[in-house]
Amino acid sequence: MHKHQHLLPIFVALCAAFALIDEVDGEYLIGVGSYDMTGPAAGVNMMGYANIDQNTAGIHFRLRARTFIVAESSQGARFAFVNLDAGMASQLVTIKVLQRLKTRFGDLYTQENLAISGTHTHAGPAGYLQYVVYSVTSLGFINQTFDVIVTAVEQSIIQAHNNLKPGSIFLNTGDVENAGINRSPSAYLFNPPEERARYTTNVDTTMTLLKLLDSASNRSIGAFSWFATHGTSMSRENRLISGDNKGAAARFFEDWFTFSNNSLSTRNTKFSTIQNISTLRNKAQKIKATGGKPCGKTTNQGFKVRKNDGSRFVGAFCQSNVGDVTPNVLGAFCTDTGKPCDFNHSSCNGNDQLCVGRGPGYPDEILSTKIIGERQFEKAVELFSSATNPLSGKIDYRHAYINFTSIEVQLNESTVVKTCPAAVGAGFAAGTTDGPGVFGFQQGDTEINEMWKRLRDLLKEPSQYQVDCQKPKPVLLSTGEMFVPYAWAPAILPIQILRLGNFVILSVPGEFTTMAGRRLREAVKETLINNGNGEFDNETHVVIAGLTNTYSQYIATFEEYKQQRYEAASTLYGPYTLSAYIQEFKKLAKAMATGEQLGGTGLSPPDLSSVQLSLLQDPLGDSRPPGKRFGDMQQDVAQPKGGSFKKGDKPSATFWSANPRYDLLIEGTFAVVEMLQGERWVPVYDDDDFCLYFKWNVTVDNGSLYGLATIEWEVPEDAASGVYRLRHFGSSKKTKDSPNEYFTGASSAFTVS
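Please read these numbers as outputs of a predicted model, since none were measured by experiment.

(A) Local environment of the sheet that holds strand 33 (residues 704-713). One open sheet holds the seven strands; their spatial order is 7-2-3-32-33-29-28, and the pairing between them is antiparallel. This sheet does not close on itself; its edge strands, each paired only once, are strand 7 (124-125) and strand 28 (633-635). The sheet contact formed by strand 29 (residues 652-656) and strand 33 spans five bridges and is antiparallel. Opposite Ala653, over in strand 33, you have Ile711 as the bridge partner.

Printed below as a string of structure tokens:
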């Protein structure tokens, strides 16, 4: 991986790291799987910023579902954990995945022992959640986005299941430096001073990593880590599909493992002499663009650099209590003055839209994504190479569905309070420093002006009960009381605990703030220790897996709720939401510690698939100018003045193309960099690489709409010197009912020196 030369001192040690641990008998059966879930790359709204103008227009790098399964034996207790390069999990995705798994595996994988967790990238396609408030900006439900995610989760689980082999799992932890800061520090200060004094920072810096080892080969098959930082390195203006910093970290980790241990990798092939480059430059000048040609449906898959045969190393970077943690670590500044934003409201003279966070690569958001991804990746390499603490013991799990709109919470012996129907406050509309919201709102607003109240009431006037229950939140939208055309917000939520020896995962369906997460972890750990008859102790390690199994926005502490910044205004079920979570998780933890099997609550979330609405237009740009074929050059690579491109240059080419929504080319690629080796062109980079960009747009000519695909390659530092060209793949439809027609085309050749 380029620009990782500072890791070279440990690379030598890591050559032996995969055999670091002496051969051991497998404690568990373990398996990993991974599958492409890159959704529609043109004209589909992105999930996260709720920006109606932020629609996909290409791919930075592909999204994946990554799974690990651990079992005591072939018929023993097990669980499956799925990490999605997606904004969050979706209740409807979970429902449909469970239906498919039941058909294939019976009752082996159920709601009890399956966790599906999102990384919280804000650069993936939207339209896959079933509640109205999460699909307004995407113009409703988008079947293509939904289907590709469901299929990817299912296929990654199947792959992991089929790969189950005796193995061992090792736990390691360490601090990640400067990969996240608190974006609502004024709210954090509302927490009790004595509680804050227990921690050195206002964010959690710990990364927890599991190293998965195949006992038979004594080699690692994967690693899963948990660390809290938002997937907002890519801004609300970005239009390229991207896994953001966690997806980048996963790509860097998997490539590091694969390519640093494969001496035959084409990426390590070097043309080392000036004479070779001079000769090849002359040869390149004679190799012209191929023009568009028809090809087969799966031809593009053969050009993938990383072919998914089920044997690849899987490295996942999972999300945790991320609620108030931003990767924009330089801080938030006013775009008009360049000065820091107001501390309490994150605004600039009352204007929330001018206050924007800056990543470490500012103003280059892709560089920021890379840097924050690298910081997580480098810590994961360090933890992976030194992981020697084996996990052992019982596999267990507990799960419950709970109606969060009316939980009675016992605060103490004499005080019982209740949660509320879902609602968002004025601070929700203000957005955050990662993505400012609507003009006229500020974080911390506890009043709503009369104009907004009148507009709100046209949708639904909140009940007096709701207004009183949610205080001091001013109810901007009473989503829990809105059911037209169908439910606007979830009411029934899943909570879940997964146990692997003394390692415990808390699956939460939302974004806990830093302090909220700390309180939940401590409460669960204390409950396990106090009720476990010595089975749990202070060495028990508890992690939070955020945005898991469904999504219900934020969970702030009772004290943070008072200020009503974005996270508190988005805490749906009122000021006692966190207290309710802690109470209900303690019930699960006590049942796990004592071996009690909980009876079902009789609740289950609704399946709203039959009532979903979609206003998304059909794909545009499925034509080309007269006399042109799809795959023909619209703009060939511009040869550099010096004759060769240098490292860091960006050769690009534009092809006449069709809308990528016609076929997502799953486990394939829209873009390839090919390298000439002898007389053969070999693919060395594809659209799953951080350095290769596939961009798609529509151009208008004489009233006709034509599609254009631009492939841009940022030549990495470790690229071999030699002859290259850019290749494009795509699919088109002549009419609505005709079969897809697949095409490819390649640019003229050029050299890199």
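Having seen it, we continue.
(B) Quick peek at the packing of helix 12 (residues 514-531) against helix 15 (residues 577-594). For the pair helix 12 and helix 15, the least separation of the axes is 8 Å and the interaxial angle reads 25°. One way to sum up the angle between helix 12 and helix 15 is to call them roughly parallel. Relative to helix 15, helix 12 is oriented so that their crossing is right-handed. Of helix 15, the residues touching helix 12 (which contributes Ala516, Arg519, Leu520, Ala523, Val524, Thr527, Leu528 and Asn531) are Leu578, Tyr581, Ile582, Phe585, Lys586, Ala589, Lys590, Ala593 and Thr594. In the contact of helix 12 with helix 15, the residues fall into 11 nonpolar, three polar and three charged.

(C) The arrangement of unusual backbone geometry in detail. The omega torsion across Lys471 and Pro472 is 5°, close enough to zero to call that bond cis. Positionally, Pro472 belongs in the loop between helix 11 (464-470) and strand 22 (475-477). Here the amide bond leading from Val484 into Pro485 is cis, since omega sits at 0°, within 30 degrees of zero. Mapped onto the elements of the fold, Pro485 is located in the loop between strand 22 and strand 23 (492-500). The backbone of Asn549 sits at a positive phi, close to 75°, despite the residue not being glycine. Relative to the helices and strands, Asn549 resides in the loop between strand 26 (541-545) and strand 27 (554-555). Phi is positive for Glu667, which is not a glycine, with a value near 55°.

(D) Seen up close, the confidence of the model for the chain. Looking at the chain, pLDDT values average 93 and 94% of them are 70 or higher. Contacts for the low-pLDDT stretch residues 1-25, under 50 throughout, to residues beyond four places or in other chains number 48 contacts. Contacts for the low-pLDDT stretch residues 268-275, under 50 throughout, to residues beyond four places or in other chains number 14 contacts.

(E) Geometry of helix 6 (residues 244-259). Here helix 6 spans 22 Å end to end across 16 residues, near enough to the 22 Å set by a 1.5 Å rise per residue. Counting buried positions over the 16 residues of helix 6 gives 15, a clear majority of the element.

(F) Representation of the domain arrangement of the chain within the structure. Here the chain is partitioned into domain 1 (28-262 + 308-404 + 487-594) and domain 2 (617-752). Between the C-alpha centres of domain 1 and domain 2 the distance comes to 33 Å. Taken together, the contact pairs 28 residues of domain 1 with 19 residues of domain 2. A combined buried area of about 1900 Å² lies between domain 1 and domain 2, and 56% of that area is made up of carbon and sulfur atoms. Counting across the interface, domain 1 meets domain 2 through three salt bridges. Between Glu667 and Arg64 there is a salt bridge, with its nearest N and O atoms 2.8 Å apart. At the junction of domain 1 with domain 2, the criterion picks out 13 residue pairs in polar contact (both at pLDDT 80 or more). Elements that contribute at least two residues to the side of domain 1 that touches domain 2 include exactly strand 1 (28-36), strand 2 (42-47), strand 3 (55-59), helix 3 (143-162), helix 6 and helix 8 (365-385). Among the elements that line the side of domain 1 that touches domain 2, the one with the most residues is helix 6, at four residues.

Definitions and cut-offs
- Residues numbered from 1 in each chain as written.
- Predicted model: local features only at pLDDT ≥ 70, side-chain atom pairs only at ≥ 80, totals over all residues.
- Heavy atoms only, no water.
- Pairing = 2+ DSSP bridges.
- Helix = DSSP H or I, 4+ residues; strand = E, 2+ residues; numbered from the N terminus.
- Axes fitted to C-alpha atoms, helices over the stretch in contact; angles between N-to-C directions.
- Parallel < 35°, antiparallel > 145°, perpendicular 65-115°, else oblique.
- Left-handed = near helix turned anticlockwise from the far one by under 90°.
- Contact = heavy atoms within 4.5 Å.
- Nonpolar A, V, L, I, M, F, W, Y, C, P; charged D, E, K, R; others polar.
- pLDDT = per-residue confidence, 0-100.
- Expected span 1.5 Å × (residues − 1).
- Buried < 20%, exposed > 50% of the residue type's maximum accessible area, 1.4 Å probe, protein only.
- Domains from an automatic or database assignment.
- Buried area = accessible area lost by both parts, 1.4 Å probe.
- Salt bridge = Lys/Arg side-chain N within 4 Å of Asp/Glu carboxyl O.
- Polar contact = N/O pair within 3.5 Å; in protein donor to acceptor, adjacent residues only side chain to side chain.

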